[in-house]
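Single-letter residue listing:
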Amino acid sequence: MNYQKLDAALATALNDVQDSEKPSLTVFIHTEPILNSAATAVLESLGVSGVSNGKDIFTATLSANAISQLSEQPWVKYLKRSQQLGLVNRKINTGK
């Protein structure tokens with residue numbers, strides 16, 4: 001695992017993972033802008049969808065093992081944990 005490529009939230013979350021094979025962490029994968037076919041194959045094998053040349057940010061739900069594998073790839077710049085967004089459920093006072 002190359003911890004230099006992980007943000008603090010992801011590194012912390014990895015410590016809490018019970019099953020390192022189960023995809024349980026949603027992450028942003030920041031890569032080099034031009035991926036070769038081997039890099040594309042690695043991303044697709046991990047279940048990353050929408051892999052195409054010219055893109056450099058991908059989102060996927062990955063296992064701890066997959067994150068470790070990606071962190072070792074030279075074409076991966078860094079991995080960032082995606083925070084769960086909650087719905088805002090409030091009424092807006094329109095003055096009526």
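Above: the structure in question.
Residues numbered from 1 in each chain as written. Predicted model: local features only at pLDDT ≥ 70, side-chain atom pairs only at ≥ 80, totals over all residues. Heavy atoms only, no water.

1. Remarks on the nonpolar core
So, point 1. Ranked by size, the top nonpolar core spans 24 residues in total, and within it Ile29, Leu43, Leu62, Ile67 and Leu70 carry the most contacts.
So, point 2. Broken down by secondary-structure element, the contributors of at least two residues to this core are helix 1 (8-15), strand 1 (25-31), helix 2 (37-45), strand 2 (57-62), helix 3 (64-71) and strand 3 (76-81).
So, point 3. For this core, the leading source of residues is helix 3, giving four residues.
So, point 4. Setting aside anything within four residues of it in sequence, one finds Ile67 in contact with Met1, Leu6, Leu10, Leu14, Leu25, Val27, Leu62 and Leu79. (Core = buried A, V, L, I, M, F, W, Y, C linked by side-chain atoms within 4.5 Å. Buried < 20%, exposed > 50% of the residue type's maximum accessible area, 1.4 Å probe, protein only. Helix = DSSP H or I, 4+ residues; strand = E, 2+ residues; numbered from the N terminus. Contact = heavy atoms within 4.5 Å.)

2. Considerations on helix 1
So, point 1. Buried within helix 1 are the following residues: Leu10, Ala11, Ala13 and Leu14. For helix 1, the angular spread of buried residues about the axis comes to 165°, placing them on one side. Turned more than 90 degrees away from the buried face of helix 1 sit Ala8, Thr12 and Asn15, all of them exposed.
So, point 2. The elements touched by buried residues of helix 1 are strand 1, helix 3 and strand 3. (Arc of directions from axis to C-beta.)

3. With respect to the sheet that holds strand 2
So, point 1. In spatial order, the strands read 2-1-3; together these three strands make up an open sheet with antiparallel pairing. At either margin of the open sheet sits one strand with a lone partner, and together these are strand 2 and strand 3. Across the sheet, the mean angle separating the axes of adjacent strands is 30° when strand polarity is ignored.
So, point 2. As paired elements, strand 1 and strand 2 share six bridges and run antiparallel to each other. Counted as the bridge partner of Leu25 is Leu62 from strand 2. (Pairing = 2+ DSSP bridges. Axes fitted to C-alpha atoms, helices over the stretch in contact; angles between N-to-C directions.)

4. Overview of helix 2
So, point 1. Within helix 2, the full set of buried residues consists of Ala39, Thr40, Val42 and Leu43. Angularly, the buried residues of helix 2 cover 160° about the axis, an arc narrow enough to put them on a single face. Residues Ser37 and Ser45 are exposed on helix 2 and point more than 90 degrees away from its buried face.
So, point 2. Check the buried side of helix 2 and you find it contacts strand 1, strand 2 and helix 3.
So, point 3. The N-cap of helix 2, judged by a side-chain oxygen 3.1 Å from the amide nitrogen of Ala38 a few residues on, is Asn36. (Polar contact = N/O pair within 3.5 Å; in protein donor to acceptor, adjacent residues only side chain to side chain.)

This is a description of form; function is not addressed.
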